[in-house]
Amino acid sequence: MRTESSTTTESASTAATGLRETKKRETRQLISDRATELFLAQGFERTTIAEIADAARVAKKTVTNYFPRKEDLALDHQDEFVAGLARAVASREPGESAFSALRHAFLSAVATQNPVAGFAGPEFTRMIAESPALSTCLRGLHDQREDALAIALAEATDASPDDVCPRTAASLLGGVHRVLFRRIQDLTLAGRSGQEIATVLEAEATEAFDLLEPALAGYARA
């Protein structure tokens, strides 16, 4: 039998757990914010973990507990980036193909100037372009995103994970996203505004996806 005392204890424990999780999220965000400020001010390579810890008023160990690599501090939306294409496939509407879902998702990201799609602003984009470590990390994230998409396409078509068809489709679709991401970066570095870039990308993305439509229009239809 549950007593009033046990119920009160459980409620207090739940509240304490909630407060701890909130505190963790706040600490993580604080570290990320301070790191970004330092990266933009003095460059990624020249910024140390010790400086970030001092700016956030936490221990160096706390920084590395939340962000094992320094690159993770700069590219802190990488989980969302890697999973984005696979998620678009998994959540497609009944009767919708993977190709259609990915095209609509990208055009929506362009319309909202989503940072994960590449709309990161001139300072942040320049920081990545000028950092060999971050540029290498970003290429790796593109590869991981393509791998995740291949798995999602294999599941969507009941194919084996090493089947050449989902891997080929993922390479083509991931390649389009990679090219368009780079295009957003290039236009950003050229001084174009977010709205100007969105206007250009809406037309160019449509053209790029149209190239793949004859081959992939009906692939992995829900």
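Keep in mind it's a predicted model, so treat the numbers as computed, not measured.

Visitor: Could you clarify how one ought to interpret helix H7 (residues 122-129) in this entry?
Guide: Along an α-helix, residues three or four apart share an orientation, since each turn contains 3.6 residues. Here H7 has its buried residues at Phe124, Thr125, Met127 and Ile128. Along the axis of H7, the buried positions cluster into a sector of 155°, meaning they face one direction only.

Visitor: Looking at this structure, I do not really get the packing of aromatic side chains. What am I missing?
Guide: Two aromatic rings, taken as a pair, are described by how far apart their centres are and by the angle between their planes. Under the counting rule described, the total for this entry stands at four aromatic pairs. Geometrically, the ring pair formed by Phe106 and Phe209 is tilted, given 6.2 Å between the ring centres and 50° between the ring planes. With Phe106 in helix H6 (residues 98-111) and Phe209 in helix H10 (residues 194-216), this pair connects stretches of sequence that are 103 residues apart. Residue Phe106 is classed as buried on the basis of its relative accessible area of 6%. Aromatic ring contacts, followed pair by pair, group Phe99, Phe106 and Phe209 into a single cluster. Sitting over the ring of Phe44, Lys70 keeps its end group 4.5 Å from the ring centre.

Visitor: Hey, could you run me through the environment of Tyr219 in this one?
Guide: Examined against the element boundaries, Tyr219 turns out to sit in the segment after H10. Considered as a pair, Tyr219 and Glu96 are 123 residues apart in the sequence and their alpha carbons are 9.3 Å apart. Excluding residues that lie within four positions of it along the chain, Tyr219 makes contacts with Ser97, Ala98, Phe99, Leu153, Thr157, Cys165, Pro166 and Ala169.

Visitor: Is there a simple way to explain unusual backbone geometry in this structure?
Guide: Phi is mostly negative for residues that are not glycine, and the peptide bonds are mostly trans. Although it is not a glycine, Arg57 adopts a positive phi angle of roughly 60°. Turning to its location among the elements, Arg57 is positioned in the loop between helix H2 (49-56) and helix H3 (60-66). With phi around 55°, Gln113 is a residue other than glycine that occupies positive phi space. When its relative accessible area of 27% is taken as the criterion, Gln113 is described as partly exposed.

Visitor: Looking at this structure, how should I read helix H9 (residues 164-189)?
Guide: Here H9 spans 37 Å end to end across 26 residues, near enough to the 38 Å set by a 1.5 Å rise per residue. Two residues or fewer after H9 comes Gly191, characterised by a positive phi angle close to 90°.

Visitor: How should I be thinking about the environment of Thr27 in this particular structure?
Guide: Summarising the element assignment, Thr27 is placed in helix H1 (residues 4-42). When sequence neighbours within four positions are dropped, the list of residues in contact with Thr27 reads Thr62 and Tyr66.

Visitor: Explanation requested: the pattern of salt bridges in the structure shown.
Guide: Where side chains of opposite charge bring their charged atoms close, a pairing between them can arise. Inspection of the entire model under this criterion finds 10 salt bridges. Salt-bridge contacts for Arg69 lead to Asp72; the nearest nitrogen and oxygen are separated by 2.9 Å. By relative accessible area, which is 38% here, Arg69 ends up partly exposed. Accessibility expressed as a relative area gives 11% for Asp72, which makes it buried. The shortest N-O distance in the salt bridge between Arg178 and Glu146 comes to 3.9 Å. Pair noted here: Arg178 is in helix H9 and Glu146 is in helix H8 (residues 132-156), with a separation of 32 residues, a long-range link. Note on Arg178: relative accessible area 26%, which makes it partly exposed. Salt bridges linked by common partners bring Arg103, Asp210 and Glu213 together as one network.

The rules we used
Residues numbered from 1 in each chain as written. Predicted model: local features only at pLDDT ≥ 70, side-chain atom pairs only at ≥ 80, totals over all residues. Heavy atoms only, no water. Buried < 20%, exposed > 50% of the residue type's maximum accessible area, 1.4 Å probe, protein only. Helix = DSSP H or I, 4+ residues; strand = E, 2+ residues; numbered from the N terminus. Arc of directions from axis to C-beta. Phe/Tyr/Trp six-rings, centres within 6.5 Å; stacked < 30°, edge-to-face > 60°. Lys NZ or Arg CZ within 6 Å of the ring centre and 35° of its normal. Contact = heavy atoms within 4.5 Å. Expected span 1.5 Å × (residues − 1). Salt bridge = Lys/Arg side-chain N within 4 Å of Asp/Glu carboxyl O.

This is a description of form; function is not addressed.
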